[in-house]
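# A closer look at the structure
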Amino acid sequence: MVGYRSPTPLIRVRILVPVQNTIMSSLIDFLKGSYNEFRHKVEWPKWSDLQSSTIVVTIATVILALFTFGVDELFSKAISNIIGMLINMFN
């Protein structure tokens, strides 16, 4: 009677467990360091600074939107005029 042997695994579990622990501990160290830096080392802006920045961004966005709308309307009318001239030319 011939016995059946299972193939040997390519990577043993003994090797993976320390690697997983190292990855997990380095991830935890990274998260702790990030939290510490955000909490104690970052200088967050004051409320008045945030309000003034928000107003500047809002005004700039409205100006850019109006400019984009104007250019779009200008090109739309120019292209429709050119197409109209070409249609009248060949009729």
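Use the structure listed above.
Residues numbered from 1 in each chain as written. Predicted model: local features only at pLDDT ≥ 70, side-chain atom pairs only at ≥ 80, totals over all residues. Heavy atoms only, no water.

## A look at the overall build of the protein
Counting its regular elements, the protein contains two helices and zero strands. A buried classification covers 0% of the 91 residues belonging to the protein. Of the roughly 9,200 Å² of accessible surface on the protein, a fraction of 69% belongs to carbon and sulfur atoms. (Helix = DSSP H or I, 4+ residues; strand = E, 2+ residues; numbered from the N terminus. Buried < 20%, exposed > 50% of the residue type's maximum accessible area, 1.4 Å probe, protein only. Areas by Shrake-Rupley, 256 points an atom, 1.4 Å probe, with all protein chains shown as cover.)

## Structural notes on the environment of threonine 68
Structurally, the position occupied by threonine 68 is in helix α2 (residues 47-89). There is a polar contact of 2.8 Å between the side chain of threonine 68 and the backbone oxygen of leucine 64. (Polar contact = N/O pair within 3.5 Å; in protein donor to acceptor, adjacent residues only side chain to side chain.)

## Considerations on a nonpolar patch on the surface
On the surface, a nonpolar cluster with roughly 500 Å² of combined accessible area is contributed by Met24, Leu27, Ile28, Phe30 and Leu31. Tracing the backbone shows phenylalanine 30 in helix α1 (residues 13-41). (Patch = residues over 30% accessible without salt bridge, like charges linked within 9 Å, V, L, I, M, F, W, Y side chains within 5 Å. Salt bridge = Lys/Arg side-chain N within 4 Å of Asp/Glu carboxyl O.)

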